[in-house]
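Fold and geometry: a report
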Amino acid sequence: GAGVSQTPSNKVTEKGKYVELRCDPISGHTALYWYRQSLGQGPEFLIYFQGTGAADDSGLPNDRFFAVRPEGSVSTLKIQRTERGDSAVYLCASSPHGGGNSPLHFGNGTRLTVT
Amino acid sequence: QKEVEQNSGPLSVPEGAIASLNCTYSDRGSQSFFWYRQYSGKSPELIMFIYSNGDKEDGRFTAQLNKASQYVSLLIRDSQPSDSATYLCAGISNDYKLSFGAGTTVTVRA
């Protein structure tokens, strides 16, 4: 497809479980971002990849959250020991090179519900 | 203080009127600004970006940037019911990090 693809679209898990969220960016885009959006709020920055490396992970809330992008394309956001407060929509975005004039293109998000 | 603040909504305008959305930012190093539209349950969709002081027009949309006042706005002319959505203002800092406001929900009354 031409756009950013995220799977699954919905994920329901029990408190304490481990989850993985996948993002497939637009082909050729070197910059990849993860954001989290709670109801009634704007997207909140989590992590930024330039190629394979996490250039900025300052938005990850704590060490239960981790993300990888081993081949510079697909990225996986991993959440350990999930808590009810982790429930949100997790958005992935990519851009051609991550520069100031390079708009982000968002996927449709993964809605995570922790019960 | 959040990096990007938007005027609180919701904003309700009649069809055909102008909807005016405002945004301020705290990081003077922010270089570029973006307006995204987000329909309920959908992902943000880019509608405008601006990086120079002044106005930028694209169809019924006009973005305005005033770096001295750290102020960004979006005008939607001839508002249509299909414009009903949440509008997110965002600024880029450090050349890559996009920070969003909380969004303003616009309802266009037919």
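Quick caveat, the model's predicted, so the values are computed rather than measured. (Residues numbered from 1 in each chain as written. Chains lettered and ligands numbered in written order. Predicted model: local features only at pLDDT ≥ 70, side-chain atom pairs only at ≥ 80, totals over all residues. Heavy atoms only, no water.)

Another point: the packing of aromatic side chains. According to the stated counting rule, one finds twelve aromatic pairs over all chains in the structure shown. Consider the rings of Phe106(A) and Tyr36(B), whose centres lie 5.6 Å apart with planes at 85 degrees: the pair is edge-to-face. On the criterion of chain membership, the pair formed by Phe106(A) in strand β10 (residues 105-106) and Tyr36(B) in strand β4 (residues 32-38) is interchain, its members lying in two chains. Ring centres of Tyr25(B) and Phe33(B) lie 4.3 Å apart, and the angle between their planes is 40 degrees; on these two criteria the pair is classed as tilted. An aromatic cluster is defined as three or more aromatic residues linked by ring pairs; in this entry it consists of Tyr33(A), Tyr35(A), Phe45(A), Tyr48(A), Phe106(A), Tyr36(B), Tyr96(B) and Phe100(B). (Phe/Tyr/Trp six-rings, centres within 6.5 Å; stacked < 30°, edge-to-face > 60°. Helix = DSSP H or I, 4+ residues; strand = E, 2+ residues; numbered from the N terminus.)

Residue and element names in this part refer to chain A. Its place among the elements puts Lys 78 in strand β8 (residues 75-79). Between the C-alpha atoms of Lys 78 and Tyr 18, which are 60 residues apart in sequence, the distance is 7.4 Å. Non-local contacts of Lys 78, meaning those with residues more than four positions away in its chain, are made with Tyr 18, Val 19, Glu 20, Arg 64, Phe 65, Phe 66 and Val 68. (Contact = heavy atoms within 4.5 Å.)

This part is about the interface of chain A and chain B. Across the boundary between the two partners, chain A contributes 21 residues, which contact 19 residues of chain B. Both faces considered, chain A and chain B share a buried interface measuring about 1,600 Å² in area, 54% of it formed by carbon and sulfur atoms. Joining chain A to chain B, the criterion identifies zero salt bridges. At the boundary of chain A and chain B, one finds seven residue pairs in polar contact (both at pLDDT 80 or more). Elements with a contribution of two residues or more to the side of chain A that touches chain B: β4 (31-37) and β5 (44-50) of chain A. For the side of chain A that touches chain B, the per-class residue count stands at nine nonpolar, eleven polar and one charged. (Buried area = accessible area lost by both parts, 1.4 Å probe. Salt bridge = Lys/Arg side-chain N within 4 Å of Asp/Glu carboxyl O. Polar contact = N/O pair within 3.5 Å; in protein donor to acceptor, adjacent residues only side chain to side chain. Nonpolar A, V, L, I, M, F, W, Y, C, P; charged D, E, K, R; others polar.)

Within a sheet, neighbouring strands are paired by backbone hydrogen bonds and run either parallel or antiparallel to one another. Residues and elements named next belong to chain B. Strands sit in the order β1-β3-β8-β7-β6 across an open sheet of five strands; the sheet is antiparallel. Here the strands that pair on one side only, and so sit at the sheet edges, are β1 (4-6) and β6 (54-58). Each neighbouring strand pair of the sheet contributes to a mean axis angle of 20 degrees, computed without reference to strand direction. Taken together, the three bridges between β1 and strand β3 (residues 19-25) define a ladder with antiparallel strand orientation. (Pairing = 2+ DSSP bridges. Axes fitted to C-alpha atoms, helices over the stretch in contact; angles between N-to-C directions.)

Now for the state of the cysteines. Using the criterion set out here, one finds two disulfides over all chains in the structure. Each sulfur of the disulfide joining Cys23(A) and Cys92(A) lies 1.9 Å from the other. Note on the Cys23(A) and Cys92(A) pair: the S-S dihedral is about -70 degrees, so by sign convention the disulfide is left-handed. On the criterion of sequence distance, the pair formed by Cys23(A) in strand β3 (residues 19-24) and Cys92(A) in strand β9 (residues 88-95) is long-range, its members being 69 residues apart. Across the pair, Cys92(A) and Cys23(A) agree in class, each one buried. Disulfide pairing is shown between Cys23(B) and Cys89(B); the S-S distance is 2.1 Å. Torsion about the S-S bond of the Cys23(B) and Cys89(B) cystine: about -75 degrees, corresponding to left-handed handedness. Of this pair, Cys23(B) sits in strand β3 while Cys89(B) sits in strand β9 (residues 85-93); the two residues are 66 residues apart in sequence, bridging distant segments of the chain. (Disulfide = S-S within 2.5 Å. Buried < 20%, exposed > 50% of the residue type's maximum accessible area, 1.4 Å probe, protein only.)

Bringing the pairing of strand β8 (residues 71-76) of chain B into the picture now. Residue and element names in this part refer to chain B. Sheet topology places β3 next to β8; six bridges connect them, and they run antiparallel. Considered in β8, the bridge of Ala 19 is made with Ile 76. Taken together, the six bridges between strand β7 (residues 61-66) and β8 define a ladder with antiparallel strand orientation. If you follow Ala 63 over to β8, its bridge partner there is Leu 74.

Before going further, it helps to spend a moment on the nonpolar core. With 22 residues, the main nonpolar core has Leu21(B), Trp35(B), Val72(B), Leu74(B), Ile76(B) and Tyr87(B) as its most contacted residues. Of all the secondary structure elements, the ones that give two or more residues to this core are β3, β4, β5 (45-50), β7, β8, β9 and β11 (104-109) of chain B. Residue contributions to this core peak at four residues, all from β3(B). Excluding residues within four positions of it along the chain, Tyr87(B) makes contact with Gln6(B), Leu21(B), Trp35(B), Tyr36(B), Arg37(B), Ile47(B), Leu74(B), Ile76(B), Gly103(B), Thr104(B) and Val106(B). Leu46(A), Ala88(A), Cys92(A) and Leu112(A) belong to the second-largest nonpolar core, a separate cluster that totals 20 residues. (Core = buried A, V, L, I, M, F, W, Y, C linked by side-chain atoms within 4.5 Å.)

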